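The residues making up each chain are set out below.
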Amino acid sequence: MSQKEPSFHELLAATRHSAVHLEMRDTYGVGDEAGDFEHWKRTGHRDVDPGSAYWAPWVKLIGDTVARGVTIRRARVVSEPVTEYIRYEHAGTPVNLHAGEQVRWLPRRQASDIALPGNDCWIFDGETVLFNHFTGEGDWSEPGWEVRTEPAVARLASAAFEAVWERGTPHEKYQV
């Protein structure tokens, strides 16, 4: 690449209508949440304070974006029974909702006939896709993301997200 890829924050700042996030891994091991996850595993306590140092930057970013009129939705495709990491994510999702996101969960067995992209992704205004790249252990790989704007790629990712969203269970009704 001769040009630097735009970051998530830059893409979100340019978003006019919608940002959707499709998550499909059962385990993540990203360094910026490793400490919180380990604390949760040891104590069973998840930080759900939207004003905490852990959550405040995300809550502000999402809150400011939603205040601009952008709809933010997150859909998670998960194996059942769920992994310990998915239990951790589920426990923290009330903060995502507080920030202004809408979140749904879809059991993987209900997604067998959906053409899913090979990587988790964010889709901005149905036109720009930011694919997240992870190692096998779930940490960020190098490079950590790839931005694609080809219409066929955006259509595939958007159609996958919408199919998952349509079948998904709202967070408030999904039990782990």
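Below, the structure is looked at part by part.

**Comments concerning the overall build of the chain**
Move 1: In terms of helices and strands, the chain carries five helices and seven strands.
Move 2: Tracing the chain from N to C terminus, the helices and strands come up as α-β-α-α-β-α-β-β-β-β-α-β.
Move 3: Here the C-alpha atoms of the chain give a radius of gyration of 16 Å, agreeing with the 16 Å that 2.2 N^0.38 yields for 176 residues.
Move 4: A principal-axis box enclosing the C-alpha atoms of the chain has dimensions of 45 × 35 × 30 Å.
Move 5: For the chain, the computed accessible surface area is about 9000 Å², with 53% contributed by carbon and sulfur atoms.
Move 6: For the chain, the distance from the average position of its 19 positive side-chain charges to the average position of its 27 negative side-chain charges is 4 Å.

**What to know about the environment of Glu80**
Move 1: Looking at the element boundaries, Glu80 is found in the loop between β2 (71-78) and α4 (84-99).
Move 2: Remark: the alpha-carbon pair of Glu80 and Leu106, spanning 26 residues in sequence, is separated by 9.8 Å.
Move 3: With residues near it in sequence (within four places) discarded, Glu80 still touches Pro107, Arg109 and Tyr174.
Move 4: Within the structure, Glu80 has its side chain in polar contact with the side chain of Arg109 (distance 2.6 Å).
Move 5: Side chain to side chain, Glu80 and Tyr174 meet in a polar contact 2.6 Å long.

**Concerning the environment of Glu84**
Move 1: By the element assignment, Glu84 lies in helix α4.
Move 2: Residue class for Glu84 comes out partly exposed when judged on its relative accessible area of 43%.
Move 3: Here the alpha-carbon distance between Glu84 and Lys41, two residues 43 residues apart in the chain, equals 8.1 Å.
Move 4: Non-local contacts of Glu84, meaning those with residues more than four positions away in its chain, are made with Phe37, Trp40 and Lys41.

Analysis parameters
- Residues numbered from 1 in each chain as written.
- Predicted model: local features only at pLDDT ≥ 70, side-chain atom pairs only at ≥ 80, totals over all residues.
- Heavy atoms only, no water.
- Helix = DSSP H or I, 4+ residues; strand = E, 2+ residues; numbered from the N terminus.
- Rg over C-alpha atoms; globule rule 2.2 N^0.38 Å.
- Areas by Shrake-Rupley, 256 points an atom, 1.4 Å probe, with all protein chains shown as cover.
- Lys, Arg positive; Asp, Glu negative; His and termini not counted.
- Charge placed at Lys NZ, Arg CZ, Asp CG, Glu CD.
- Contact = heavy atoms within 4.5 Å.
- Polar contact = N/O pair within 3.5 Å; in protein donor to acceptor, adjacent residues only side chain to side chain.
- Buried < 20%, exposed > 50% of the residue type's maximum accessible area, 1.4 Å probe, protein only.

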